[in-house]
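A closer look at the structure
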Amino acid sequence: MVGGGTCPQKESPQILCHPALLSPSRYRHFHDSERQLVERSILTLQASGFYWGPLPTAEAHAMLEREPAGTFLVRDSSQGDHLFSISIKMESGPVSVRILFLKGRFWLRELFSECPVKLLELAVDRCRHTPLRCHNGVPLLLTKPLRRTRVLTLKQICRKCLVTHHGTEGLARLPIQPALQKYIDDFPFKI
């Protein structure tokens, strides 16, 4: 149902659940190995910065509306038999696609991985050459995630490390090039 903003995936048996980190009443329990894989996947997604948790579809689409085409985020699926969905900004507007979890792997069309972040890396790499396609042929283009928090540049990370290690008062004693000194002085904080 692409007109409604979703891209239908094949129906799958209700084998999915969220661990205690998410609403356990909606899902059945996994077997031990699957539960560990899903819990590890949730922690990895949370560390990625582009997992938005139980974000409603309408809110995800509203957030993506002002982003460039190809921007995506991962959120909890609103469909009870799926763990996650990807909301993607397309040229025509945002759409949502469910990520399947079958036989211990996460699937997005023909791509699969035991880790949803690795799956999305595969999808972004694939989309550089050929877009993924929904069952109805609609192309999906994934280029960059919409992060909850901004990723620091290497310069910002270096500045933060210098300020943290030497303190703002100790920076003057370091043999730093003038351009770098000016960059540090522009924002001499650890954050």
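What counts and how
Residues numbered from 1 in each chain as written. Predicted model: local features only at pLDDT ≥ 70, side-chain atom pairs only at ≥ 80, totals over all residues. Heavy atoms only, no water. Core = buried A, V, L, I, M, F, W, Y, C linked by side-chain atoms within 4.5 Å. Buried < 20%, exposed > 50% of the residue type's maximum accessible area, 1.4 Å probe, protein only. Helix = DSSP H or I, 4+ residues; strand = E, 2+ residues; numbered from the N terminus. Contact = heavy atoms within 4.5 Å. Salt bridge = Lys/Arg side-chain N within 4 Å of Asp/Glu carboxyl O. Bend = angle between axes of the 7 residues up to and from the residue.

A separate point is the nonpolar core. Judged by nonpolar contacts, the single largest core of 31 residues is most densely connected at Phe72, Phe84, Ile86, Ile88, Leu140 and Leu142. Elements with a contribution of two residues or more to this core: α1 (32-48), β2 (71-76), β3 (84-90), β4 (93-102), β5 (105-108) and α3 (116-127). Broken down by element, the residue count for this core peaks at 6 residues, all from α3. Not counting chain neighbours up to four residues away, the residues in contact with Leu140 comprise Ile88, Met90, Val95, Val97, Cys127, Pro131, Leu132 and Cys134. One finds Trp52, Leu55, Ala60 and Met63 within the second-largest nonpolar core, a separate group that totals 7 residues.

Below, the discussion takes up the pattern of salt bridges. Enumeration over the complete set of coordinates arrives at 4 salt bridges. Notably, a salt bridge pairs Lys118 with Glu121, separated by 4.0 Å at the nearest N-O pair. Taken together, the residues Lys118 and Glu121, both in helix α3 and 3 residues apart, mark about one turn of the helix. The exposure class assigned to Glu121 is partly exposed, which follows from its relative accessible area of 48%. A salt bridge links Arg128 to Asp125; the nearest nitrogen and oxygen atoms lie 3.3 Å apart.

The next subject is helix α4 (residues 154-170). Of all the bends in α4, the greatest measures close to 70° and is centred on Thr164. Taken residue by residue, α4 has Gln156, Arg159, Val163, Gly167 and Gly170 as its buried positions. At its buried positions, α4 is contacted by α5 (178-186).

Any link to function would need more than the numbers given here.
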